[in-house]
Amino acid sequence: MTILRSLIALIILAISSSSAMAADRPNVILIMADDMGFSDIGCYGGEISTPNLDQLASNGLRYTHFYNGARCCPTRAALLTGLYAHQAGMGGMEPDHGIPGYRGNINRQCVTIAEALRRGGYGTYMSGKWHLTNKRTAKTPEDRDNWPNQRGFDQFYGTIAGAGSFFLPATLTRDNEDAFAEAQDDPNYYYTDAISENASKYIKGHTTNSAEEPFFLYVAYTAPHWPMHAPEHIVQKYLGKYRGGWDELRKNRWSRIAELGFPVDSWKLTERTPFIPAWNDLAADGIPKELAQVPGIDSPDKVREVMDRRMAIYAAMVEQMDTGIGRIVNTLKETGQFENTLVLFLADNGGCAEYGICGFTHGEEKALEFQGTAKSFVSYGAGWANASNTPFRFFKHDTYEGGISTPLIAHWPAGINAKEEFRHQTAHIIDVMPTVLDVAKVDYPVEFDGNEITPLEGISLTGTFTDKPLSRDEPLFWEHHGNRAVRDGKWKAVANGEFRDWELYDISKDRSETQNLAEEFPAIVKKMDKQWWAWAKRANVLPMNPGRKNLAEIKKTAKPMGEIKFITLADGQKAPKSGNGAASQIVVENKLKIAVRLWWVNLAGEPVAYGEIAPGESRSQGTYHNHTWLITDTKDKPIGYFVTDSVPRFVRLKPEKEAKK
């Protein structure tokens, strides 16, 4: 009898210890928005209705200096691995350039959060956008090697590709099987709602079947990424609210940011991006060519009506995402999981300026009344993206603050006692995985499935939950398509383009990057340049921007021939009708004694002819934001190149002898 009592006591102790461990380790829900600006949601200054995110913020933490990876694929790779994107093989986008940092697939020298947590006893689930492989469809089992189920997730519902219709999403998948019919057979299907619904189902299923284990849920919305699609009844709520334009919207958001208590003493509302016209001047020189395909747009007022609707669609997409987040939170409460669940919310990059001031217009139906419906395919353009990123500069893809700053909300009733507080520590997307492993009490592996794993780059943010300072061994770094940055304490160096010089900003006094101090502190610039190149060498960043290998070869062999001058048109000056919008308008003046050709080099590194320029002739041309142009003689012998952004910069090619030095 004594032996039986002892055995029962041991069993009870084991059960209670197991339950205590499970209770001690929180569930984790990681929620990501797609192409959403810093100030779009209410608790970060936005006018869009986001009551559920606002409630999480009011009962948790808001971070003011949290950074993403500037673009979809790099951010997602860093988020799920705790490494810089190049170390995981996703330094660019999906194309495989055949070198370690740019394979278009996350590699096997990294381990995902899901893989690590599943080995640590967590149930792992994902609902939403994957975008971490160039195998978007599978003809063989090997093609699924980097799909969610093969990278640690027990269950998956979502899209493998980076973008698509919200009513009939391409590459829609459930686990490893095509799920397109689920959308096709449902007349009320809307992808944002489906992501939320499946996330809620995963929580319920886990609670029913594996209540003794904690779970990890990754919810990756595609809202508000283009194509902009939203339920019409929600769009109607916002129609007319944006007729005041992007200038008024930026000022209103800036006022709310200050009212909410953000540290605006060290921030500043930046000037409107130079190539974007004032709202009241929109279409003053004619209908923007991005809207030329929209029937019935024959006046500036009609142009503003289209743009009001586009921002209304965008706002509706964000609101519906917030509604879905509320559904997930309610499911946590219904299943008794709310108190011990860490919820993290962030975005993958800043507002998206693709393509043009007014965005693009595609789809089966281009008329105003169809925009936002399943028959349309539109974006909201650089004008509204500038407002989405209030108060910062530039956009998705860039390494200025507007491209890499994201909201971060942290909510965990059982683990974060602070309510409605800000955290100003500088943090990065690489810090998410170590934070999750820290709260989950799961070790980061040295080896996984027979592969040696690259050591973590990020650090845990759990100390910031009680407002402790962060200590790093190295600065933070960025690179994407030649756009570079370093953040070291109060200093940030940024070079927005492969051939641009470093700019230097004191972020402690100038978060909005309005005062370039590079000439005043050359020693600091030199130090940070050295730090960046050392990091680039060890983190698989080099050769940088491999899609432009042809330019690298040109740079090695070409010789200078004279000089070409590039000038940005002054603000308010008439832009040429040939300009395509989302870019600096430039005047090209040929100072040579020979005729030259101006070529555009696309992201694939392929030159596209633009035309010849005779000696002494000037040409006006709009250039897509942050792309490269190449100048040759009429026999196509390279002379020089420049990268366009708000200040186009010409770079002459060095003579062969000088280059060898």
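For the structure itself, consult the block above.
This section reports on the structure supplied with the text. Since this is a predicted model, take the numbers as computed values, not measurements.

Points about the packing of helix 2 (residues 51–58) against helix 9 (residues 300–334)
Inference 1: Interhelical geometry of helix 2 versus helix 9 gives an angle of 55° and a closest axis separation of 7 Å. Classed by the angle they form, the pair helix 2 and helix 9 counts as oblique. The segment helix 2 lies against helix 9, with Pro51, Asn52, Leu53 and Leu56 engaging Asp322, Thr323, Ile325, Gly326 and Val329.
Inference 2: Split into classes, the residues belonging to the contact of helix 2 with helix 9 amount to five nonpolar, three polar and one charged.

Describing the packing of helix 6 (residues 191–209) against helix 9
Inference 1: The N-to-C vectors of helix 6 and helix 9 enclose an angle of 10°; their axes lie 9 Å apart at closest approach. In terms of their interaxial angle, helix 6 and helix 9 are classed as roughly parallel. For the pair formed by helix 6 and helix 9, the contact residues are Thr192, Asp193, Ser196, Glu197, Ala199, Ser200, Ile203 and Lys204 on the first element and Gln320, Met321, Gly324, Ile325, Arg327, Ile328, Thr331, Leu332 and Glu334 on the second.
Inference 2: Considered class by class, the residues forming the contact of helix 6 with helix 9 number six nonpolar, six polar and five charged.

Things to note about the side chain of Glu513
Inference 1: Locating Glu513 in the fold gives a position in the loop between strand 20 (503–506) and helix 13 (522–538).
Inference 2: Looking at Glu513, its side chain comes within polar contact range of the main-chain nitrogen of Glu401, at 2.8 Å.
Inference 3: Apart from the residues within four sequence positions on either side, Glu513 is in contact with Arg393, Tyr400, Glu401, Lys492, Val494, Tyr505 and Ile507.

Overview of the pairing of strand 8 (residues 215–220)
Inference 1: Within strand 8, six of the six residues are buried, which leaves it mostly tucked inside the rest of the structure.
Inference 2: Neither face of strand 8 is left uncovered, since the one carrying Phe215, Leu217 and Val219 and the one carrying Phe216, Tyr218 and Ala220 both have all their residues buried.
Inference 3: Pairing analysis gives five bridges linking strand 1 (residues 27–33) to strand 8, with the strands arranged parallel. Among the inter-strand pairings, Ile31 is bridged to a residue of strand 8, identified as Val219.

Let's talk about helix 2
Inference 1: When helix 2 is considered as a whole, its buried residues turn out to be Leu53, Leu56 and Ala57. Angularly, the buried residues of helix 2 cover 100° about the axis, an arc narrow enough to put them on a single face.
Inference 2: Where the residues of helix 2 are buried, they touch strand 2 (61–63), helix 9, strand 9 (341–347) and strand 12 (408–411).

Section: the pattern of salt bridges
Inference 1: Tallied over the full model, the rule gives 30 salt bridges.
Inference 2: Linking Asp247 and Arg272 is a salt bridge whose minimum nitrogen-to-oxygen distance equals 2.7 Å. In this pair, Asp247 sits in helix 8 (residues 245–260) while Arg272 sits in the loop between helix 8 and helix 9, placing the two residues 25 residues apart along the sequence.
Inference 3: Its relative accessible area of 19% is what places Asp247 among the buried residues.
Inference 4: Between Asp431 and Arg472 there is a salt bridge; the shortest N-O distance is 2.4 Å.

With respect to the sheet that holds strand 2
Inference 1: On the basis of which strands lie adjacent, the open sheet formed by ten strands has the order 7-6-5-4-8-1-9-12-2-13 and mixed pairing. Two strands bound the open sheet, and with one partner strand each, they are strand 7 (177–178) and strand 13 (421–423).
Inference 2: The sheet contact formed by strand 2 and strand 13 spans three bridges and is parallel. Counted as the bridge partner of Leu61 is Glu421 from strand 13.

Topic: the pairing of strand 12
Inference 1: Where burial is concerned, the two faces of strand 12 agree: the one with Leu408 and Ala410 and the one with Ile409 and His411 are both buried.
Inference 2: Sheet analysis places strand 2 next to strand 12, joined by three bridges and oriented antiparallel. Looking across to strand 12, one finds that Leu61 is bridged to Ala410.
Inference 3: Taken together, the three bridges between strand 9 and strand 12 define a ladder with antiparallel strand orientation. Following the sheet pairing, Phe345 is matched in strand 12 by Ile409.

Looking at the nonpolar core
Inference 1: Membership of the largest hydrophobic core comes to 177 residues, with the highest contact counts inside it found for Ile29, Tyr218, Met307, Phe345 and Trp384.
Inference 2: Per-element accounting of this core gives the leading share, 16 residues, to helix 9.
Inference 3: Filtering out sequence-adjacent residues up to four positions away, Met307 remains in contact with Trp246, Trp279, Leu282, Leu291, Ile357, Cys358, Tyr380 and Trp384.

Brief notes about the sheet that holds strand 20
Inference 1: Spatial strand order, 17-18-19-20: four strands in an open sheet with antiparallel pairing. Each edge of the sheet is formed by a strand with only one pairing partner; in this case those strands are strand 17 (476–480) and strand 20. Each adjacent strand pair in this sheet contributes to an overall mean axis angle of 15°, direction not counted.
Inference 2: In this structure, strand 17 lies alongside strand 18 (residues 483–488), joined through five bridges in antiparallel fashion. By the bridge assignment for strand 18, Phe477 is matched with Val486.
Inference 3: On the sheet, helix 13 packs against strand 17, strand 18, strand 19 (491–496) and strand 20 and is oriented at approximately 115° with respect to strand 18.

Here is what the cut-offs are and how they apply
In every chain, residue numbers begin from 1 and rise along the written sequence. For this predicted model, a pLDDT threshold of at least 70 governs which residues receive local features, and a threshold of 80 or more governs which side-chain atom pairs are given and counted, while totals over whole chains, interfaces and linings are taken from all residues. To get the side-chain values, take all heavy atoms of the structure and skip hydrogens and water. Note on geometry: axes are lines fitted to C-alpha atoms, helical ones only across the stretch in contact, with angles between N-to-C directions running from 0 to 180 degrees. Strands here mean DSSP runs of E at least two residues long; helices mean DSSP runs of H or I at least four residues long; both are numbered from the N terminus. Working rule for angles: under 35 degrees goes down as roughly parallel, over 145 as roughly antiparallel, 65 to 115 as roughly perpendicular, anything else as oblique. Contact criterion: two residues are considered in contact whenever any of their non-hydrogen atoms come within 4.5 Å of each other. Polarity classes work like this: nonpolar for Ala, Val, Leu, Ile, Met, Phe, Trp, Tyr, Cys and Pro, charged for Asp, Glu, Lys and Arg, and polar for all others, with Gly in that last group. N or O atoms within 3.5 Å of each other form a polar contact, as long as, within protein, one can give a hydrogen and the other can take it, and as long as residues adjacent in sequence are counted only when both atoms are side-chain atoms. Three exposure classes are used, based on accessible area relative to the maximum for each residue type with a 1.4 Å probe and protein chains only: buried under 20%, partly exposed in between, and exposed over 50%. The rule for pairing is simple: two strands pair if DSSP sees at least two bridges between them. Each C-beta atom gives one direction from the helix axis, and the arc is the one those directions make. Whenever a carboxyl oxygen of Asp or Glu lies within 4 Å of a side-chain nitrogen of Lys or Arg, that contact is scored as a salt bridge. Throughout this description, the term nonpolar core refers to a set of buried Ala, Val, Leu, Ile, Met, Phe, Trp, Tyr and Cys residues connected via side-chain atoms within 4.5 Å.

Structural measurements only, silent on function.
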